[in-house]
Amino acid sequence: VQLVESGGGLVQPGDSLRLSCAASGPRFSTYALGWFRQAPGKERELVAAISWTGRTTYYPDFVKGRFIISGDHAKNMWYLQMNSLKPEDTAVYYCAADIRGDPGPNLWGDWWGQGTQVTVSS
């Protein structure tokens, strides 16, 4: 399984940004997808997760209402729409695939992308 993120960059507080994750590999329809982030000196944390069907999503409280995860199965693409960005959202963002297929708080990547930097600063 290969995952490639794109869409990161430098934005101002309050701006929006959409990250993309291109996925490829066998039997991908059994996986759950997640977006994680890791800021310098901090642990990697889950910010959004989605089932392959898209019917189930999960967001931790600190991004709920601001971030939206979605997928385009036909293109094997997943997205993270981030709105009302704050300086504390600054981090490297990773997409990950979890073979267990459960899009919840315990999702962890069996495969990871290389990450894309998001910087929120005025």
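Residues numbered from 1 in each chain as written. Predicted model: local features only at pLDDT ≥ 70, side-chain atom pairs only at ≥ 80, totals over all residues. Heavy atoms only, no water.

1. Thoughts on the state of the cysteines
Our working rule: Two cysteine sulfurs form a disulfide in these notes if their separation is within 2.5 Å. The helix count covers DSSP runs of H or I at least four residues long, the strand count covers runs of E at least two residues long, and both are numbered beginning at the N terminus.
For the structure on display, the rule yields one disulfide. Residue pairing for Cys21: its cysteine sulfur links by disulfide to Cys95, the two sulfurs lying 2.1 Å apart. Disulfide Cys21-Cys95: torsion about the S-S bond near 60°, hence right-handed. Here Cys21, found in strand E3 (residues 17-24), pairs with Cys95, found in strand E9 (residues 91-98); they are 74 residues apart in sequence, far enough to count as distant.

2. Remarks on the packing of aromatic side chains
Definition in use: Here a Phe, Tyr or Trp ring, Trp counted by its six-membered ring, pairs with any other such ring whose centre lies within 6.5 Å, and the pair is stacked when the planes are under 30 degrees apart, edge-to-face when over 60, and tilted otherwise. The rule for a charge over a ring is simple: NZ of Lys or CZ of Arg within 6 Å of the ring centre, and within 35 degrees of the ring normal.
Taken as a whole and assessed by the stated rule, the structure comprises six aromatic pairs. Among the aromatic residues, ring-to-ring pairing joins Phe36, Tyr94, Trp108 and Trp112 into one connected group. Note that Arg18 overlies the ring of Tyr79, its terminal NZ or CZ placed 4.1 Å from the centroid. The ring of Tyr94 carries Arg44 above its face, with NZ or CZ at 3.8 Å from the centroid.

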